[in-house]
Amino acid sequence: MSMHIGPYQLRNNVFVAPMAGVTDRPFRQLCKELGAGYAVSEMAASDPRVMASVKTARRINHEGEMEPKAVQIAGADPVMLADAARFNVDRGAQIIDINMGCPVKKVCNNWCGSALLRDEALVARLLEAVVNAVDVPVTLKFRTGWDRQSKNALTIAHIAQESGIAMLTLHGRTRADGYTGDAEYDTIAAVKAASKLPVVANGDIDTPFKAKRVLQLTGADAVMVGRAAQGRPWIFREIAHYLTTSTLLPAPYVAEVRQLMATHLQAHYEFYGAYLGVRTARKHIGWYVRDLPGGEIFRQRMNLIEDCDTQLAAVDNFFESQLALGERLQYIPAVEKLAA
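A brief look at the structure comes next. (Residues numbered from 1 in each chain as written. Predicted model: local features only at pLDDT ≥ 70, side-chain atom pairs only at ≥ 80, totals over all residues. Heavy atoms only, no water.)

1. A look at the pattern of salt bridges
When their charged atoms lie close together, side chains carrying opposite charge are able to pair.
Then step 1. If you walk through the whole model with that rule in mind, you get 12 salt bridges.
Then step 2. For Asp221, the salt bridge identified is with Lys192, shortest N-O distance 2.8 Å. Taken together, the positions of Asp221 in the loop between helix 9 (208-218) and strand 10 (222-225) and Lys192 in helix 8 (residues 185-194) put the pair 29 residues apart, joining distant regions of the chain. The burial state of Asp221 is the same as that of Lys192; both residues are buried.
Then step 3. A salt bridge links Arg258 to Glu320; its shortest N-O distance comes to 3.9 Å. In this pair, Arg258 is assigned in helix 11 (residues 254-272) and Glu320 in helix 14 (residues 308-322), connecting sequence segments 62 residues apart.
Then step 4. For Glu320, a relative accessible area of 41% translates into the label partly exposed. (Salt bridge = Lys/Arg side-chain N within 4 Å of Asp/Glu carboxyl O. Helix = DSSP H or I, 4+ residues; strand = E, 2+ residues; numbered from the N terminus. Buried < 20%, exposed > 50% of the residue type's maximum accessible area, 1.4 Å probe, protein only.)

Here it is, written out as structure tokens:
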């Protein structure tokens, strides 16, 4: 199923969640190439003192990325947030996403992210300021409330609709929940039923079966996948295929993943530079190998490597060794991992 955000037609309704330190440009591009219909950048701060930093410049770098190019911004001051939106649109952003979902303490302590859900009047001012500042679609990612005693997703959704927001993404947890407990799909369903806007369901979507189930439970227009895509970017094509055909794709070929890893790592090194690249690549490599035979032993050894070429060669050798087990990736069953 395809859908639109403003003038942009997306090829499907399976999206990549913005994740700090994960969804950089090389990873977003890879997810899009592997079937994701849409991806949003890591959260970029709206504080002008931070906007000029190298870290923020990387987060809003969309050079060569498949369209539409979407940037997520965060802040608690309407003027600064509007300025940040204009700043990013001037640099090529085609969609602006506002973060009111991040549960991290250092973000919430600055009254950003999900902390904003405690001040509905401020939410309205922020959304209206950004919508009025730019001529591109503005979307909102939020949570069901600050805590379970003060869930206000329906109110926030109504404010967003009145403010001119183009799409809602709802993570089915409160800020207090963090990433624990089960996602509240009933709340997402209530928001979808009450809103005229497209609604994206987010939270605990980690298999094609779960994606279909969540769409059925919530009536949402799309699903957004976060942590389950770490080390498994082909999950987007797996979900999209299942939603279309009700059949599962087999595990990817080792040879394909071997090539994907080489492409991803080379793009990663180029993006971050050698020193930072080899270090920030470790988490991605760890995610790729964690469910594969010998993956944990390899991860520990790989974390000691401090040279890009050596790291790239080690990863290539690891996936070459997987060929001895079969043409396709042989995931370790969850039962075996628990027993290990």
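Read on for the rest.
2. Digging into the packing of aromatic side chains
Then step 1. Here the structure, examined in full by the defined rule, presents six aromatic pairs.
Then step 2. Consider the rings of Phe271 and Tyr272, whose centres lie 5.1 Å apart with planes at 90 degrees: the pair is edge-to-face. There is no split in this pair, since Phe271 and Tyr272 are both buried.
Then step 3. Seen in terms of ring centroids, Phe298 and Phe318 are 4.7 Å apart; in terms of plane orientation they differ by 25 degrees. Their pairing is stacked. With Phe298 in helix 13 (residues 295-302) and Phe318 in helix 14, this pair connects stretches of sequence that are 20 residues apart.
Then step 4. Judged by relative accessible area, Phe318 falls into the buried class, the value being 6%.
Then step 5. Each residue in the set Phe298, Phe318 and Phe319 is aromatic and connected to the rest through ring pairs, giving one cluster. (Phe/Tyr/Trp six-rings, centres within 6.5 Å; stacked < 30°, edge-to-face > 60°.)

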